[in-house]
Amino acid sequence: DQIIKIIKEAEKIPVERDTFYNPLKLYSENIIGKIPFLNSVPFFQNLKWMKFKILLATPRRIGILNKHGQIGAGLFSLIDYFEQEESLDLMDWCIATCDQVKSVILFSKYCLANLNKKNIGISDDTATSVKLLQVLIEKKYNMQANFVRMQTVRNDYSQYDAVLLIGDDALKHYKFGMNGFANVIDLAKEWYEWQRHPFVFAVWACKKTLDDKLKQELKQLIESSLSKSEKDLGKVGNVLGKRIGLSYDESKEYLEGFNYRLGEKERMAMIVFKKLLYETKLKI
């Protein structure tokens, strides 16, 4: 209790974590979940609001925390939104793309059509991308594969026939390659070539129980932050992009490939994907 008190007095979030540094329990309220990847930076670059504190967590972990009522608002993996939408209000923003995305990548020793019965290592960070991969394998290619969750700290991928990485890790390997995995498969591109719809990886949502006044303030702040960021996406993404190994122009091009507003095309794409999920019994 004393440690929690000291952390709160320092205006930080007390977080209980596991040995892999994944958040297990938050000792604070009014938390915004922030996906710690380059593609989420435009939302948060100019987002400053003292009524909420921002927690960096992978998509899957934000969903787990929200199941326990510990997230007030934030970017939710599409799968977690589908599973928890009774308790969430969908907002007007998303992380979506048409054609390639460059940061949801299957690195494979075989082409995608030859992965039947093969072992695929899955990043522990993903909630939605793994479901997209399963839908593609089962519905588009009429195959089955063995999926194994990998801890984030793992670096030895040689035991797998293919490896699914997301976010900045995938983006880095997309540029520099991965030894032993000659096939680089962009799942968003695979989806678009099959369905001719964009793919929505994450959506903004907030608790239904969140005070209406706070919801309205948050909406205004998100839109204001995003609008400022969109004026110079290269500058917005440059710092984190450099850490990954991207140039200014590469970061700018990457961020310009996303649609951050949830329009009719994105909503229709969500419906199509949800239907395919129901048709395909998926568990991992």
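Everything that follows concerns the structure shown earlier in this document.
Figured I'd write up the structure that's included with this text. (Residues numbered from 1 in each chain as written. Predicted model: local features only at pLDDT ≥ 70, side-chain atom pairs only at ≥ 80, totals over all residues. Heavy atoms only, no water.)

### Focus on the sheet that holds strand E7 (residues 104-108)
Strand order across the open sheet formed by five strands is E9-E8-E10-E7-E11, with mixed pairing between neighbours. Only two strands of the sheet have a single partner each, and these edge strands are strand E9 (146-150) and strand E11 (183-186). When the angles between neighbouring strand axes are averaged without regard to direction, this sheet yields 25 degrees. Looking at chain direction, strand E8 (residues 119-123) and E9 are connected through five bridges and run parallel. Residue pairing for E9: Ile 122 is matched across the bridge by Arg 149. Contacts from helix H6 (residues 167-176) reach E7, strand E10 (162-166) and E11 within the one sheet, and its direction differs from that of E10 by about 120 degrees. (Pairing = 2+ DSSP bridges. Helix = DSSP H or I, 4+ residues; strand = E, 2+ residues; numbered from the N terminus. Axes fitted to C-alpha atoms, helices over the stretch in contact; angles between N-to-C directions. Contact = heavy atoms within 4.5 Å.)

### Quick look at unusual backbone geometry
The phi dihedral of Glu 11 falls on the positive side, at around 60 degrees, and the residue is not glycine. On the secondary structure map, Glu 11 appears in the loop between helix H1 (2-9) and strand E1 (15-17). Positive phi is not limited to glycine here, since Asn 30 has a value of about 55 degrees. Looking at where Asn 30 falls in the secondary structure, it is placed in the loop between strand E2 (23-26) and strand E3 (31-34).

### Thoughts on the sheet that holds E3
To summarise the sheet geometry, strands pair through backbone hydrogen bonds and adopt either a parallel or an antiparallel arrangement. Pairing within the open sheet is mixed, and its six strands lie in the order E4-E3-E5-E12-E6-E13. Each edge of the open sheet is held by one strand with a lone partner, namely strand E4 (53-56) and strand E13 (258-261). When the angles between neighbouring strand axes are averaged without regard to direction, this sheet yields 30 degrees. Where E3 meets E4, four bridges bridge the pair, whose relative direction is parallel. Bridge assignment links Gly 33 to a residue of E4, and that residue is Leu 55.

### Structural notes on the state of the cysteines
Each disulfide consists of a covalent bond between the sulfur atoms of two cysteine residues. Under the definition given, this model contains zero disulfides. Residue Cys 98 stays outside any disulfide, its sulfur separated by 10 Å from that of Cys 94, the closest cysteine. Its relative accessible area of 42% is what places Cys 98 among the partly exposed residues. (Disulfide = S-S within 2.5 Å. Buried < 20%, exposed > 50% of the residue type's maximum accessible area, 1.4 Å probe, protein only.)

### Let's talk about helix H9 (residues 233-244)
The first and last C-alpha atoms of H9 sit 16 Å apart over 12 residues, in line with the 16 Å expected at 1.5 Å per residue. Of all the positions in H9, only Leu 233, Gly 234, Val 236, Gly 237, Asn 238, Leu 240, Gly 241 and Ile 244 are classed as buried. The inward-facing, buried residues of H9 abut helix H2 (41-44), H6, helix H8 (212-230) and helix H10 (248-256). Just downstream of H9 lies Gly 245, where phi reads positive at about 110 degrees. (Expected span 1.5 Å × (residues − 1).)

### A short note on the packing of aromatic side chains
Counted by the stated rule, this structure contains 11 aromatic pairs. What links up through ring pairs into an aromatic cluster is the set Phe 43, Phe 44, Trp 204, Tyr 254, Phe 258 and Tyr 260. The cationic tip of Arg 17 hangs over the ring face of Tyr 21; the distance from NZ or CZ to the ring centre is 4.0 Å. Here Lys 118 stacks its cationic end above the ring of Tyr 110, 4.8 Å away from the centre of that ring. (Phe/Tyr/Trp six-rings, centres within 6.5 Å; stacked < 30°, edge-to-face > 60°. Lys NZ or Arg CZ within 6 Å of the ring centre and 35° of its normal.)

Read these as layout, nothing more, since geometry by itself doesn't imply function.
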